[in-house]
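# Survey of secondary and tertiary structure
Spelled out, the chains give:
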Amino acid sequence: MPCRVGLTTNPDARKRYWESQVHGLTEWRILGTYNNQADAQAHETRSASRNGCYAHAGGPSVSGP
């Protein structure tokens, strides 16, 4: 089954978006929270690689956890 790993500062809105795009979305989960984008990006890259998931590294810079 395809999987995707990504970053967001608004998990509720992002989940609603993906539920509208993917019929039968399952296993949505928050893998961690980070104080900066660099740490979050490093975790996204590791997790996607380890699990064979799609990830789109390098989104816009944002602040906040």
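Just so it is clear, the model here is predicted, and its values are computed rather than measured.

Across the chain, the average pLDDT comes to 87, with 88% of residues at or above 70. Across the chain, element-level confidence peaks in helix α1 (residues 11-21) with a mean pLDDT of 94 and bottoms out in strand β2 (residues 54-55) with 88.

Attention now goes to the state of the cysteines. Summed over all chains, the structure comprises 1 disulfide. Across the disulfide, Cys 3 is cross-linked to Cys 53 (sulfur-sulfur distance 1.9 Å). Disulfide Cys 3 to Cys 53: torsion about the S-S bond roughly -105°, handedness left-handed. Placement of the pair is Cys 3 in the segment before β1 (4-5) and Cys 53 in the loop between α2 (37-51) and β2, with a sequence separation of 50 residues. Its relative accessible area of 17% is what places Cys 53 among the buried residues.

Turning to its location among the elements, Glu 44 is positioned in helix α2. Notably, Glu 44 is buried but unbridged: the nearest opposite-charge side chain belongs to Arg 4, and the N-O separation is 7.9 Å. The residues contacting Glu 44, other than those within four sequence positions of it, are Val 5, Gly 6, Leu 7, Ala 55, His 56 and Ala 57.

Mapped onto the elements, Pro 11 comes out in helix α1. Along the primary structure Pro 11 and Arg 29 are separated by 18 residues, whereas in three dimensions their C-alpha atoms are 9.4 Å apart. Leave out the neighbours within four places in its chain, and Pro 11 touches Trp 28 and Ile 30.

What follows is about the pattern of salt bridges. Counted according to the given criterion, the structure contains 1 salt bridge. Residue Arg 29 pairs with Glu 27 through a salt bridge whose shortest N-O separation is 3.7 Å. Judged on exposure class, the residue Arg 29 and its partner Glu 27 are both exposed.

Parameters at a glance
- Residues numbered from 1 in each chain as written.
- Predicted model: local features only at pLDDT ≥ 70, side-chain atom pairs only at ≥ 80, totals over all residues.
- Heavy atoms only, no water.
- pLDDT = per-residue confidence, 0-100.
- Helix = DSSP H or I, 4+ residues; strand = E, 2+ residues; numbered from the N terminus.
- Disulfide = S-S within 2.5 Å.
- Buried < 20%, exposed > 50% of the residue type's maximum accessible area, 1.4 Å probe, protein only.
- Lys, Arg positive; Asp, Glu negative; His and termini not counted.
- Salt bridge = Lys/Arg side-chain N within 4 Å of Asp/Glu carboxyl O.
- Contact = heavy atoms within 4.5 Å.

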